[in-house]
Amino acid sequence: MTAAETTTDGGRPLSARRIARQRRADAWRRNWRLFRSHRSGLIGLVILGFFVVLALAAPLLADGDTLKVTQATGGVLESPSGEYWLGTDENGRSVLTMLIWGSRISLFVGLLATAISMVIGTVIGVVSGFFDGWTARVLYRLTEWFLVIPFLPLAIILAVVLGRSLINIAIVIGVTSWPATALLIRSQTLSIRERPYLERARLLGAGRWHRMTRHVLPNVMPMVFANTTLTVAVAILSETTLSFLGLGDPTRVSWGSMLEGAFGVGAMTTGSWWYIVPPGVCVVLVVLAFTLIGQALEEIFNPRLRSR
Amino acid sequence: MDHLLELRGLSVAYRTTDGLLPAVRGVDLVVDAGEVVGIAGESGCGKSTLASTVLRLQPKDAVVEGEILVGGHDVQTMEWGDLRALRWAEAAIVFQGALHSLNPVRRIETQIAEPIRVHEPGISDAAAAERVAELLEQVGLPPGRSRAYPHQLSGGQRQRVMIAMALACRPRLIVADEPTTALDVMVQAQVLDLMAGLVKDLGVGLMIISHDLSVLSDVCDRVAVMYAGRVVELGSAEQVFRSPAHPYAEALSSAFPRVGDPAARYAPAGLAGDPPDPLDLPPGCAFAPRCARATDACTEAEPPLLEVGGRRAACIRVGER
Amino acid sequence: MSDAPLLEAEGVRVEFTTRGGTVATALDGVDVAVRPGEILALVGESGSGKTTLARTLVGVQRPTSGVVRYEGEPLSYSGRAVKRLCREVQMVLQDAAGSLNPRQTVYESVAEGLRLHRLVGRDSGGRTEPELVAAALSEAGLRPPERLFLRYPHELSGGQKQRVLIAGALALRPRLLVADEPVSSLDASIRGEILALLLGLRDSLGLGIVVVTHDVGLAWNIADRIAVMYLGRVVECGTTEEVLQSPRHPYTQALLSVVPEIEELTPVVLTGEVPDPTRIPGGCRFHPRCPALADGAAAEAGVADACRTTALPVLAATGEHRVACHLATARDS
């Protein structure tokens, strides 16, 4: 048992709000302490932090204007030199600049797509798991149906139909990846539903909405968080794939479009490694970072996975 | 003559992030063939840890001191081969929570036959099946139930399956960890009757662990009451239950009132406070903070087991009433 | 104690249809009544229907037939009626550890009821929410209550968890508490404390209590009256002294005989298990396991046929020591 923590101080009267605030502060502190003890999670956080800073500070680090093909200043497929640390692409643009600015797209699309996927997946998962009737059954069948549709063909069709823009790519990825989340959340909801504290809430007079939002959802959220980080990794990979296939926004540079460009000019055969390797490595690193963070979070939120 | 089971100065401590946690602190106990010995205590007193050491099942990082002699041989220092031979064929455990101790996807006949096949690898299917049928009869289960899955059986029936498994290799010593918890009163009586009958018929030695002192008083010959890792009272079951000498044993005994006793009517007897944190044991007698009869002398040193009226109690105020 | 029952069930039957289509009769006609400030024990083994009866009394389980009355008014089972009943009749569940949301602090668990029924505004003393929560925790024996506000369930001992559950129920100011196996998952030495708490609540708050248990010793400790249940029916009821000291039904007698604390009765260990609620025996539901039928006592009294074929009427809820048994009735006349 932990040492006693008093909440009264100097005779100030306690209010429900202060108690709630203190509890939230305690929870954050405790979770951070737990997270800190996972070296792999910390490494992931550092890597991710590096890329986030890179993305946010892009205008400070590299001149965005040089991304325009008409304003490219370098030669064609120059190898790395003092002036261009990572060489240039077939249009003479600095690969390093493209890399830095590309991080913005990859991260933005990845996060937006994940947000869309998580929201749809969680809502459908909780509702289809918590309720018993018609609605729940229909939603479950819908989830299964969507799950079966192969990702790439659907993504390609949707991208063509919706048009090629960043938001649309995010929508495409979000709409095709929610079923996995929904199934996970649904099975978790089904198990939580049977727990005695749900019955207790019912005995206290709680209606279904209250039970769903105050008891099921908070206990499902930890799994949602851990799943989110893994979903981001998948979303970034998906964005890279779609851009590589030429479905991304043609006016924006992303790591995927860099790979598309490299493939298009046969960078492998000409030996222009500086065009292929950096974007590939960046994707791998970001995905790795999210995966490590996700694993650490999973251990924090699921105490049973903790090693003694 | 070696005792069937002898614990000499047994101490077990677990390594935790907060330090060494003493679960068992110096226990001496003896079980002989044809005898039923009960260990009573509540959660955290160390009784389950005690049971696990008999077959060397405690976690690898646990620190064990003292001796655990089964048939005269120390289990802790045995060679691996000897230990394997010992497990189940000399000593067996009936675990608590039968629902979770049985494999849900295998039929019970397969599970009962498993230890037999492990110890006699060449045994024929027919011989194994015959032994399984024999065991089911011994525990009072109809032989037709052998092809059932665990979830198809009731709680009492599952517990009987656990007992049949324990008997599979004809051990001389059986340790039963909370065999009747979570069972209905009537089924509990059936299972206890069965176990007492087996002891008489097969001449095995039985050690029963339970938090329910009244259950032990019925079926055991001798009872040891544990508190905070030590034995605080040891004597015949009758004595320990009816006229306990140690204040904790007294509290445990009076927690289950005699129906018909007017003194217990509208007067539930309880014990205030909680068991001590093993990492932060109080000085002297571990029970002193909760004891109504504690004096200053009680906090000075851990009292040894003192003889009083045919039983032993770890209380310096024993004998004065 | 006034005589008019506070909560009563009349002719209640509860049937569950399993997936395979078979019907399990958890309650097969039960009359039960609790008066204000009275402590009633529902004693039985698993399959007896005692937990189903408790849930029916609280309004959470709707009976297939029969009626539940609070203060004489039958329960209408509309959302509002059930919610209003929550304020008067509260239930404390069996599994204390699982009954508290692991992500809620003690404060939030206790305050939940207050918030659901908006009781903070209606408090006659004008107390704030933290004050009401502290009051409930104190009443449940957790003092000083503020120390536990921010604790999580996994940081509490078994006894403390049970007290928090009781506090959560008390916060609604009920007039009747239904406790399902309040001490079975707790250590023996804590048992007395929790039972003493329940008794104390009856004395200080005038709370009526229905205790569901398999432990007759518990009934001896705190109950005024007992109803012994078997396979969905009450087979014997009366005051605790009457039923436990002079049991008349063979089932009650067998149950008492195997309790280790009683030496006077020779143990009668019934064979077999409690039968399936989907296949309730005809005649007296206990007859396949009845020792009186097996050893000829019933035949001697001439009721053996009745035991096998004639069903017994539902026992009335109030009155003196009653028993649903052909043999006992024959012996009385």
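Residues numbered from 1 in each chain as written. Chains lettered and ligands numbered in written order. Predicted model: local features only at pLDDT ≥ 70, side-chain atom pairs only at ≥ 80, totals over all residues.

Trainee: Mind showing me how you'd approach the overall build of chain B here?
Mentor: Helix and strand counts for chain B come out as 10 helices and 12 strands. C-alpha atoms of chain B, sized along the principal axes, occupy 65 × 50 × 40 Å. The proportion of buried residues among the 321 residues of chain B is 49%. (Helix = DSSP H or I, 4+ residues; strand = E, 2+ residues; numbered from the N terminus. Buried ≥ 20, exposed ≤ 12 C-beta atoms within 10 Å, placed from the backbone.)

Trainee: When you look at the overall build of chain C in this model, what are you seeing that I'm missing?
Mentor: Looking only at helices and strands, one finds 14 helices and 11 strands in chain C. For chain C, the spread of C-alpha atoms along the three principal axes comes to 70 × 45 × 45 Å. A burial count over chain C gives 55% of its 333 residues as buried. Of all intrachain contacts in chain C linking residues separated by at least 6 positions in sequence, the fraction that spans at least 24 positions is 67%. (Contact = placed C-beta atoms within 7 Å.)

Trainee: Is there a simple way to think about the sheet that holds strand β2 (residues 23–34) of chain C in this case?
Mentor: The strands that make up a sheet are held in pairs by hydrogen bonds between backbone atoms, and each pair lies either parallel or antiparallel. All names here are of chain C. The sheet built from 4 strands is open, its strands ordered β2-β1-β4-β5 with antiparallel pairing. Of all strands in the sheet, those bounded by a partner on one side alone are β2 and β5 (73–74). Across 5 bridges, the pairing between strand β1 (residues 7–17) and strand β4 (residues 65–70) is antiparallel. Looking at the pairing, A9 lines up with V68 of β4. (Pairing = 2+ DSSP bridges.)

Trainee: Which parts of the structure should I look at to understand the packing of helix α6 (residues 155–167) of chain B against helix α7 (residues 185–202) of chain B?
Mentor: Packed helix pairs are characterised by how far apart their axes lie and by the angle those axes make with each other. Residue and element names in this part refer to chain B. Viewed as axis vectors pointing N to C, α6 and α7 meet at an angle of 20°, and their least axial separation amounts to 10 Å. Looking at the two axes, α6 sits roughly parallel to α7. The handedness of the crossing between α6 and α7 is right-handed. On the side of α6, the interface is formed by G155, G156, Q159, R160 and I163, while α7 contributes V187, Q190, V191, L194 and M195. Looking at the contact of α6 with α7, its residues break down into 5 nonpolar, 4 polar and 1 charged. (Axes fitted to C-alpha atoms, helices over the stretch in contact; angles between N-to-C directions. Parallel < 35°, antiparallel > 145°, perpendicular 65-115°, else oblique. Left-handed = near helix turned anticlockwise from the far one by under 90°. Nonpolar A, V, L, I, M, F, W, Y, C, P; charged D, E, K, R; others polar.)

Trainee: Can you walk me through the interface of chain C and chain A in this structure?
Mentor: Contact with chain C, which involves 25 residues of that partner, is made by 28 residues of chain A. Mapped onto the side of chain C that touches chain A, the elements with two or more residues apiece are α2 (79–88), α3 (106–116) and α5 (129–139) of chain C. A per-element tally of the side of chain C that touches chain A places α3(C) first, with 4 residues.

Trainee: Honestly, the arrangement of the chains in this entry has me stumped. Any pointers?
Mentor: Of all 2 pairs of chains that touch, the greatest number of contacts is found between chains B and C. Chain A shows no contact with chain B. Their nearest C-alpha atoms sit 8 Å apart.

Trainee: What is the right way to read the pairing of strand β8 (residues 205–210) of chain B from this model?
Mentor: When a strand is regular, its side chains alternate between the sheet's two faces. Residues and elements named next belong to chain B. Of all 6 residues making up β8, 6 are buried, and the element is well covered by its neighbours. Of the two faces of β8, the one holding G205, M207 and I209 and the one holding L206, I208 and S210 are both buried throughout. Examined bridge by bridge, strand β3 (residues 36–40) and β8 share 5 bridges and lie parallel to one another. For V36, the partnering residue across the bridge sits in β8 and is L206.

Trainee: For this particular structure, what's the right way to read unusual backbone geometry?
Mentor: For residues that are not glycine, phi is negative in most cases, and the peptide bond is trans in most cases. Residue P144(C) follows R143(C) across a cis peptide bond; omega there is -5°. Along the chain, P144(C) falls in the loop between α5 and α6 (158–170). A positive phi angle, close to 55°, is found at R56(B), a residue other than glycine. The topology assignment puts R56(B) in the loop between α1 (47–54) and β4 (63–70). Its identity as a non-glycine residue notwithstanding, R118(C) has a phi of 50°, on the positive side.

Trainee: Can you help me understand the sheet that holds strand β2 (residues 19–31) of chain B in this one?
Mentor: All names here are of chain B. With antiparallel pairing, 4 strands are arranged side by side in an open sheet as β2-β1-β4-β5. One side of each edge strand has no neighbouring strand; the edge strands of this open sheet are β2 and β5 (73–74). Bridge analysis of strand β1 (residues 5–16) against β2 gives 10 bridges, and the strand direction is antiparallel. Opposite L7, over in β2, you have L29 as the bridge partner.

Trainee: Mind showing me how you'd approach the interface of chain C and chain B here?
Mentor: One frequent convention defines the size of an interface as the accessible area lost when the parts assemble. With 32 residues of chain C in contact, the opposing surface of chain B contributes 34 residues. Counting only elements with at least two residues in the side of chain C that touches chain B, the list comes to α7 (188–205), α8 (216–222), α9 (240–245) and α10 (250–257) of chain C. For the side of chain C that touches chain B, the per-class residue count stands at 18 nonpolar, 8 polar and 6 charged.

Trainee: Can you walk me through the environment of A167(C) in this structure?
Mentor: All names here are of chain C. Looking at the element boundaries, A167 is found in helix α6. For the pair formed by A167 and T64, sequence separation is 103 residues and the distance between their alpha carbons is 32 Å. Apart from residues lying up to four places away in sequence, A167 is in contact with V110, A136, L137, E139, A140 and L142.

Trainee: Looking at this structure, how should I read α10(C)?
Mentor: Residues that lie three or four places apart on an α-helix share one face, since the helix turns once every 3.6 residues. Among the 8 residues in α10(C), 6 count as buried, and that is most of the element. Within α10(C) the residues assigned to the buried category are P250(C), Y251(C), T252(C), A254(C), L255(C) and L256(C).

Trainee: Whenever I open this one, α7(C) confuses me. Can you help?
Mentor: With 18 residues, α7(C) ought to run about 26 Å at 1.5 Å a step, and its terminal C-alpha atoms sit 26 Å apart, in line with that. The set of residues buried in α7(C) consists of A188(C), S189(C), I190(C), R191(C), G192(C), E193(C), I194(C), L195(C), L198(C) and L201(C). Contacts from the buried residues of α7(C) go to α10 (247–254) of chain B together with α6, β7 (176–180), β8 (208–213) and α8 of chain C. Of the residues trailing α7(C), G206(C) is marked for its positive phi of about 65°. (Expected span 1.5 Å × (residues − 1).)

Trainee: Quick question: what am I supposed to make of the nonpolar core here?
Mentor: In globular proteins that are soluble, nonpolar side chains generally tend to be buried together. In this structure, V225(B) and V210(C) are the most contacted members of the largest nonpolar core, which totals 279 residues. The element contributing the most residues to this core is helix α9 (residues 208–244) of chain A, with 14 residues. (Core = buried A, V, L, I, M, F, W, Y, C linked by C-beta atoms within 7 Å.)

Trainee: I keep staring at the environment of N91(A) and nothing clicks. Help me out?
Mentor: Residue and element names in this part refer to chain A. Here N91 shows up in the loop between α3 (58–61) and α4 (95–130). According to the C-beta neighbour criterion, N91 is partly exposed, with 17 such atoms within 10 Å. Sequence separation between N91 and R208 is 117 residues; the distance between their C-alpha atoms is 60 Å. Setting aside chain neighbours within four positions, we find N91 in contact with V69 and A72.

Trainee: Help me out: how do you make sense of the confidence of the model for chain B in this one?
Mentor: In low-pLDDT segments, the atomic positions of the prediction should not be examined closely. With 98% of its residues at a pLDDT of 70 or more, chain B has an overall mean of 87. Within chain B, no element has a lower average pLDDT than helix α3 (residues 98–101) of chain B, which sits at 75, and none a higher one than β3(B), at 94. (pLDDT = per-residue confidence, 0-100.)

Trainee: Teacher, can you tell me more about the pairing of strand β10 (residues 230–236) of chain B here?
Mentor: Residues and elements named next belong to chain B. With respect to burial, β10 is a largely interior element, 6 of its 7 residues being buried. Both strand β9 (residues 222–227) and β10 contribute to a ladder of 6 bridges, which runs antiparallel. Each residue of the ladder has a partner; that of V223, found in β10, is G235. The turn joining β9 and β10, which pair antiparallel and follow one another in sequence, is formed by 2 residues; a positive phi near 50° is taken by A228. Across 2 bridges, β10 lies against strand β12 (residues 311–313) in antiparallel orientation. Considered in β12, the bridge of L234 is made with R312.

Trainee: Got a minute to help me understand the packing of α9(A) against helix α12 (residues 273–301) of chain A in this structure?
Mentor: Residues and elements named next belong to chain A. The contact between α9 and α12 brings their axes to 8 Å, and the two run at 170°. Taken together, the axes of α9 and α12 lie roughly antiparallel to each other. Residues P222, F225, A226, T229, L230, V232, A233, I236, L237 and T240 of α9 touch α12, and the partners they reach there are V283, V286, V287, F290, T291, I293, G294, L297, E298 and F301.

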